[in-house]
Amino acid sequence: MTFVNRKAELHWLEEAYKSGRAQLLVLYGRRRVGKTELLRVFCREKRHVFFVADLAPDREQLAAFSQRLWEQAYGQAETGFSFPSWEAAFRFMGGLARQERLIVVLDEFPYLMETNPAIPSILQKVWDEELRNTGILCILCGSYVGVMEREVLGYKSALYGRRTGQYLIEPLHFHDMAGFFPGRDPIWQVEAYAVLGGVPAYLLEFIDEDDLFAGIARRVLRRGTFLYEEPRFLLMQELREPANYFAVLRAIAHGKTRLNEITQAAGLHDRSAASRYLDILRDMGLIKRLVPVTEKQPQKSRRGIYRLQDQFLRFWFRFVYPNRSDLEEGEAERVLETRIKPHFPEFVGPAFKEVCRQHLRLLGRRGKLPFYPYRLGSWWDGQNELDLLAISEDEAAIMVGECKWWAKPVGANVLSELQQKAKAVLPHFQRPPHVYYALFARNGFTEELREMAAERHDLLLIEASKFHSSGDL
Ligand SMILES: Nc1ncnc2c1ncn2[C@@H]1O[C@H](COP(=O)(O)OP(=O)(O)OP(=O)(O)O)[C@@H](O)[C@H]1O
């Protein structure tokens, strides 16, 4: 399997490498997003030490790290060897980097901190005394976004002020699907994205599956397969009491979006407990908090709602978890035919909106929209909802969008409804902006609507079947 995209991330790493200066980089992102693979690709052909921490006792980890360093220095392992302390190991690492560029990756860094909480301060001390004057490029990597942000990057961390760069690795985008599934038709790709999202480890599971439903039956609905077990595993690996987190995720998956509703649906006693679980799930990159795109201070907004971040979790909670009794009995085919297929188009709808949002962002970057979408997201108030709303930097222009994953072509009535809905957002702007419209459809548009679009400059029609299957949309 070839390595897909990550061009921006690799460019960032290469620039740091080429700088020649000592660098302490922090790279983080949710589990399975592709951090380790990215670092392996980056380190290839470069002088490096790659150390993956785990939860083994501190002494064992130090010995394992010492041996990696020894191998780098002398070209062979020295069984049983260990530096007497982390400080000695880090100083030796500095020695190795004095003459020549050396990359040292400390993967799963939070595990290392858990077994030995003094590691950041030891590293900081050696950094200040020695490493910062060497050719070291040290990369601290971790999946627990919250720990990395607070305890490695945060101002209370011993390493605060030492890091020279940080990067949050996000799931891949829809247009990267073509890298995993070249030549597949774009509708298939949207559907596969709706099931799997942009997490490489999940996409790889479907690499040989031409028929999406057959793939679902084989790779998701079978007991014991990676994806069947994955959500439970994600939580159990990271958390000591996964049950409440599980209940919170399930509540969100079932459409509960606000703190009160989630607290109640998850059977929790108080909002503060629910709020803590929500924060941690956000830290893990599993849920997100959305606000209407017109909100100027998203953090403080009282209109925030929670949604699952991950498409695959959405699929799992919608179709796997509720059917687990049947699936445990090996009834994958029946579940697929009677419980999944009939609801699948309606399930793809929200994922299609996300794909359209990404598409609009890409068009904006390529200068193919009437203005650059400075802010882009969705919008809602009590009564109205816009699937997409893009706003120019000076707020003189907006684009409102509607996405329809329908079997039939989209007609002029959808445009009139959108025009009507768009009126509700206008009071949020100081001066009335120029309004553009974008309609996205699974199966094209009526003749009437296409003729209208040909005559107006403010209407964009985009059909999913024409999404470029080469990946550049
Ligand atoms: N850009 C990519 N193109 C193709 N395959 C990828 C890409 N990124 C990751 N993968 C594959 O996806 C799987 C998961 O990636 P990886 O192990 O790097 O994730 P991770 O973020 O380090 O995960 P974890 O935090 O669970 O250790 C691996 O099999 C890897 O080979």
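Note that the coordinates shown come from a computational prediction; the quantities given were computed from them, not determined experimentally.

Caption draft 1: Looking closely at helix α15 (residues 271-283). If you check α15, its first and last C-alpha atoms are 18 Å apart, about what 13 residues at 1.5 Å a residue would give, namely 18 Å. Within α15, the full set of buried residues consists of Ala273, Ala274, Tyr277, Leu278, Ile280, Leu281 and Asp283. Buried residues in α15 make contact with α7 (145-152), α12 (226-238), α13 (242-253), α14 (259-265), β6 (287-290) and β7 (305-308). Immediately downstream of α15, the backbone of Gly285 shows phi near 75 degrees, a positive value.

Caption draft 2: Main features of the UniProt feature "domain: DUF234" (unreviewed entry) in the protein chain. In the UniProt entry, the feature "domain: DUF234" (unreviewed entry) is given for residues 316-406. Overall, residues 316-406 shows 45% helix and 23% strand. The separation of its end C-alpha atoms is 23 Å.

Caption draft 3: How the structure looks around the domain arrangement of the protein chain. Domain annotation for the protein chain reports domain 1 (7-168), domain 2 (175-347) and domain 3 (352-466). Once you take the C-alpha centre of each, domain 1 and domain 3 turn out to be 45 Å apart.

Caption draft 4: Quick look at the packing of aromatic side chains. This model, assessed by the stated rule, comprises 30 aromatic pairs. Ring geometry for Phe371 and Tyr436: centres 6.0 Å apart, planes at 45 degrees, overall tilted. Note that Phe371 is positioned in the loop between α19 (344-365) and β8 (375-380) and Tyr436 in strand β11 (residues 434-441), a separation of 65 residues in sequence. Accessibility assignment for this pair places Phe371 and Tyr436 in one class, buried.

Caption draft 5: Region of interest: the UniProt feature "domain: ATPase" (unreviewed entry) in the protein chain. Feature annotation in UniProt places "domain: ATPase" (unreviewed entry) on residues 3-205, given in this structure's numbering. End C-alpha atoms of residues 3-205 are separated by 15 Å, and the span's content is 49% helix alongside 14% strand.

Caption draft 6: How the structure looks around the nonpolar core. Judged by nonpolar contacts, the single largest core of 127 residues is most densely connected at Phe65, Met93, Ile136, Ile216 and Phe315. Sorting elements by how many residues they give to this core places α19 first, with 9 residues. By size, the runner-up hydrophobic cluster in this structure holds 23 residues, among which are Ile391, Ile398, Leu415 and Tyr437.

Caption draft 7: Highlighting empty space enclosed by the protein. Across all of its chains, the model carries 2 cavities of 30 Å³ or more by this definition. As for the largest cavity, its lining consists of Arg30, Arg31, Ser143, Tyr144, Leu234, Glu238, Met284 and Leu286. Its residues assigned to classes, the lining of the largest cavity shows 4 nonpolar, 1 polar and 3 charged. Both domains that meet at the lining of the largest cavity, namely domain 1 (7-168) and domain 2 (175-347), each give it at least three residues.

Conventions we followed
- Residues numbered from 1 in each chain as written.
- Predicted model: local features only at pLDDT ≥ 70, side-chain atom pairs only at ≥ 80, totals over all residues.
- Heavy atoms only, no water.
- Helix = DSSP H or I, 4+ residues; strand = E, 2+ residues; numbered from the N terminus.
- Expected span 1.5 Å × (residues − 1).
- Buried < 20%, exposed > 50% of the residue type's maximum accessible area, 1.4 Å probe, protein only.
- Contact = heavy atoms within 4.5 Å.
- UniProt positions renumbered as here; feature names shortened; annotations may be inferred.
- Domains from an automatic or database assignment.
- Phe/Tyr/Trp six-rings, centres within 6.5 Å; stacked < 30°, edge-to-face > 60°.
- Core = buried A, V, L, I, M, F, W, Y, C linked by side-chain atoms within 4.5 Å.
- 1 Å grid on protein atoms, 1.4 Å probe; cavity = no way out; pocket = protein on both sides within 12 Å on 5 of 7 lines; lining within 4 Å.
- Points joined across faces, edges and corners; volume = space filled by probe spheres on them.
- Nonpolar A, V, L, I, M, F, W, Y, C, P; charged D, E, K, R; others polar.

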